[in-house]
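Listed here are the chains, written in short residue letters.
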Amino acid sequence: LVECDSNENAQDAINCAAEFKSEHVQGIANFQLDATAAPRVCAAGPKVPVVAIDIPQPPCQTMFFGANNVYAGKLAGVALGKFAKKAWGCKADAVLSLNDLAAGSVVIQRENGSLSGLASVCPGLKVIHVATDATNEGSIAPFTNALSTLPGAHHLLVVATNDDQANGAIKAAQAAGRLNDIYVGAQGGDPTSWPSLCGKTPFKNWEADTAYFPERYGAPIVPALIS
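Keep in mind that what you see is a predicted model, and the values were worked out from it rather than measured.

S.K.: It is not clear to me how the overall build of the protein should be interpreted in this structure. Could you clarify?
M.R.: Helix and strand content of the protein: eight helices and eight strands. The C-alpha radius of gyration of the protein comes to 19 Å, within 12% of the 17 Å expected for a compact globule of 227 residues. Along the first, second and third principal axes, the C-alpha atoms of the protein reach 60 × 30 × 30 Å. Taking all 227 residues of the protein together, the buried fraction comes to 49%. Within the protein, contacts between residues separated by at least 24 positions form 65% of all contacts whose residues are at least 6 apart in sequence. Each charge class in the protein can be summarised by its mean position, and for the 15 positive and 20 negative side chains these summaries are 11 Å apart.

S.K.: Please clarify how the state of the cysteines should be interpreted in this entry.
M.R.: In a disulfide, the sulfur atoms of two cysteines are held together by a covalent bond. Applying the stated criterion across every chain yields a total of three disulfides. With a sulfur-sulfur separation of 1.9 Å, cysteine 90 is cross-linked through a disulfide to cysteine 122. The sign of the -65 degrees torsion about the S-S bond sets the cysteine 90-cysteine 122 disulfide as left-handed. With cysteine 90 in the loop between helix 3 (69-88) and strand 4 (94-99) and cysteine 122 in the loop between helix 4 (105-121) and strand 5 (127-131), this residue pair connects regions lying 32 residues apart in the sequence. Neither residue differs from the other here; cysteine 90 and cysteine 122 are each classed as buried. Counting only the cysteines that form disulfides, in the order they appear in the protein, gives the pairing 1-2, 3-4, 5-6.

S.K.: Would you explain the sheet that holds strand 5 in this entry?
M.R.: Sheet strands associate in pairs through backbone hydrogen bonding, adopting either a parallel or an antiparallel arrangement. Spatial ordering of the open sheet is given by 5-4-6-7-8, a layout of five strands whose pairing is parallel. Only two strands of the sheet have a single neighbouring strand rather than two, namely strand 5 and strand 8 (206-211). Ignoring strand direction, the axes of neighbouring strands in this sheet form an average angle of 15 degrees. Sheet topology places strand 7 (residues 182-188) next to strand 8; five bridges connect them, and they run parallel. For glycine 188, the partnering residue across the bridge sits in strand 8 and is alanine 211.

Scoring rules and cut-offs
Residues numbered from 1 in each chain as written. Predicted model: local features only at pLDDT ≥ 70, side-chain atom pairs only at ≥ 80, totals over all residues. Heavy atoms only, no water. Helix = DSSP H or I, 4+ residues; strand = E, 2+ residues; numbered from the N terminus. Rg over C-alpha atoms; globule rule 2.2 N^0.38 Å. Buried < 20%, exposed > 50% of the residue type's maximum accessible area, 1.4 Å probe, protein only. Contact = heavy atoms within 4.5 Å. Lys, Arg positive; Asp, Glu negative; His and termini not counted. Charge placed at Lys NZ, Arg CZ, Asp CG, Glu CD. Disulfide = S-S within 2.5 Å. Pairing = 2+ DSSP bridges. Axes fitted to C-alpha atoms, helices over the stretch in contact; angles between N-to-C directions.

Everything listed here is a matter of geometry and, on its own, says nothing about what the molecule does.
Put into structure tokens, the structure is as follows:
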């Protein structure tokens, strides 16, 4: 078993693929964040079966393994909408939608699902798209900028395509003294979200999250790769 961490970096992923080639691996389980870098990662690696995890890896993927992203997004969007309807009669100031488009079609589906789920409960809300990267730190500055355009807003719904983006938004709101102005529905259900979800942090408005359980991915992926 050969393992290599791409560190959420395209060049590191290319280097990993080259390492796998030199190690003469017989198959690759590829969890690589940047869909636009996939052709270069594929070119650097060996010609073996590839299971792409969560993010498509054309042209070398043999099989894609991932969530139904539209439905996953909709789950959190509907839940966030139900909160807004109960709390304010759907009178939110705006929806801030965080996404890193470098991850490709899956996060677009996830974002669209979140927004459609929210709209199914609270239609007609103003949506502001906030371009981030997929990390916590990379979401702080874009969200800070977005918040600055809404100085008097106290009922802001936030949808994010992963928990890192949501945590970045929370840090930005806290630094701006506006922690109580945002209400989050995110994707992942990662351990980083648990303290806020469970009321153990100063941020009490993490209203919804869709869990993916990546610790269970290996059970179907490894047999599929071997076959």
